[in-house]
Amino acid sequence: MKILTTITTAFIFVYFLMPCDIMAQEEMQPKKLENATWKEVVFVDFKPGKMGRALEIINDYFRKAADMSATSFPETMIELKTGPWDMMVVWSMKDGLDEMNWEVSPDNIKWRKAMEKIAKDEGASAKAIWEEYQSLIARSSMQLGMSRSN
């Protein structure tokens, strides 16, 4: 038993130190990621029976506001059929991680103005539509990810 413990310890020692030794021998150079596109991925769990209305709001208001303002709309919207989430929404971050530095971005302002016009034309308020949409969501989670094109 003591031999097995010694062999296991030696293996762990070699396994974890070997990459450090190899890295120490290489000359380190700064290197940026090439062809990286950052993505914002949002998982949404709608309240029971509310996904249909949420999709109506997305299509009737949010998509139209993105088109009118020439701002981004999710590149992918997937209705999930298993797991704890109802939908996965993916946006490409055109300015990469720098988009995370905005509290309110210029594109967000353009989108909000378009949303206000669309809502007004429908006899509603953008704030009321946004609040209704938010009321349909039980919970959500946002993740950042990266894809590489070669």
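Residues numbered from 1 in each chain as written. Predicted model: local features only at pLDDT ≥ 70, side-chain atom pairs only at ≥ 80, totals over all residues. Heavy atoms only, no water.

Some words on the nonpolar core
Side chains of a nonpolar character, in soluble globular proteins, are inclined to be buried together. Residues Phe-46, Ile-57, Tyr-61, Phe-62, Met-87, Met-115 and Tyr-133 are the most contacted members of the largest nonpolar core, which totals 24 residues. Where this core is concerned, the elements lending two or more residues are β1 (36-46), α2 (51-69), β3 (87-92), α3 (106-121) and α4 (126-135). No other element matches α2, which puts nine residues into this core. Contacts of Phe-62, omitting those with residues within four sequence positions, involve Ile-57, Phe-73, Trp-111, Met-115, Trp-130 and Tyr-133. (Core = buried A, V, L, I, M, F, W, Y, C linked by side-chain atoms within 4.5 Å. Buried < 20%, exposed > 50% of the residue type's maximum accessible area, 1.4 Å probe, protein only. Helix = DSSP H or I, 4+ residues; strand = E, 2+ residues; numbered from the N terminus. Contact = heavy atoms within 4.5 Å.)

A closer look at the sheet that holds β1
Pairing is antiparallel in the open sheet, where four strands are placed in the order β2-β3-β1-β4. Each edge of the open sheet carries a strand with a single partner, namely β2 (76-79) and β4 (137-148). On average, adjacent strands in this sheet sit at an angle of 15 degrees to one another, irrespective of strand direction. Sheet topology places β2 next to β3; four bridges connect them, and they run antiparallel. Directly across from Glu-79, in β3, lies its bridge partner Met-87. α2 contacts β1, β2 and β3 of the sheet and is inclined by roughly 165 degrees relative to β2. (Pairing = 2+ DSSP bridges. Axes fitted to C-alpha atoms, helices over the stretch in contact; angles between N-to-C directions.)

Some words on unusual backbone geometry
If you check the backbone angles, Asn-35 has positive phi at about 55 degrees while not being a glycine. Relative to the elements of secondary structure, Asn-35 occurs in the loop between α1 (2-25) and β1. The phi dihedral of Ala-70 is positive, around 55 degrees, even though this residue is not glycine. Among the structural elements, Ala-70 can be located in the loop between α2 and β2.

Comments concerning the pattern of salt bridges
Enumeration over the complete set of coordinates arrives at nine salt bridges. Across the pair Lys-110 and Asp-107 runs a salt bridge, and its minimum N-O distance is 3.3 Å. With Lys-110 and Asp-107 both in helix α3, this residue pair falls three residues apart, about one helical turn. Where salt bridges share partners, they join Arg-53, Glu-56 and Glu-132 into one cluster. (Salt bridge = Lys/Arg side-chain N within 4 Å of Asp/Glu carboxyl O.)

Description of the environment of Phe-62
Along the chain, Phe-62 falls in helix α2. On the accessibility criterion, Phe-62 (8% relative accessible area) is buried. Separated by 56 residues in the primary sequence, Phe-62 and Ile-118 place their C-alpha atoms 9.4 Å from one another.

Section: α3
In this model, α3 (16 residues) spans 23 Å end to end at C-alpha, consistent with the 22 Å of a helix rising 1.5 Å per residue. Those residues of α3 not exposed but buried are Trp-111, Ala-114, Met-115, Ile-118 and Ala-119. Looking straight down α3, one finds that the buried residues subtend no more than 135 degrees of arc, so they occupy a single side. Looking at α3, the residues exposed on the side facing more than 90 degrees away from the buried face are Lys-113 and Lys-120. Those residues of α3 that are buried are in contact with α2 and α4. Looking one or two places after α3, you find Gly-123, whose phi comes out positive at around 75 degrees. (Expected span 1.5 Å × (residues − 1). Arc of directions from axis to C-beta.)

Notes on α2
Given a rise of 1.5 Å per residue, 19 residues ought to cover 27 Å, and the 25 Å separating the end C-alpha atoms of α2 matches this to within 8%. The sharpest bend along α2 reaches about 35 degrees and sits at Ile-58. Of all the residues in α2, the buried ones are Met-51, Ala-54, Leu-55, Ile-57, Ile-58, Tyr-61, Phe-62, Ala-65, Ala-66 and Ser-69. Buried-residue contacts for α2 involve β1, β2, β3, α3 and α4. The first or second residue beyond α2 is Ala-70, which carries a positive phi of 55 degrees. (Bend = angle between axes of the 7 residues up to and from the residue.)

Interpretation in functional terms is not warranted from these geometric data alone.
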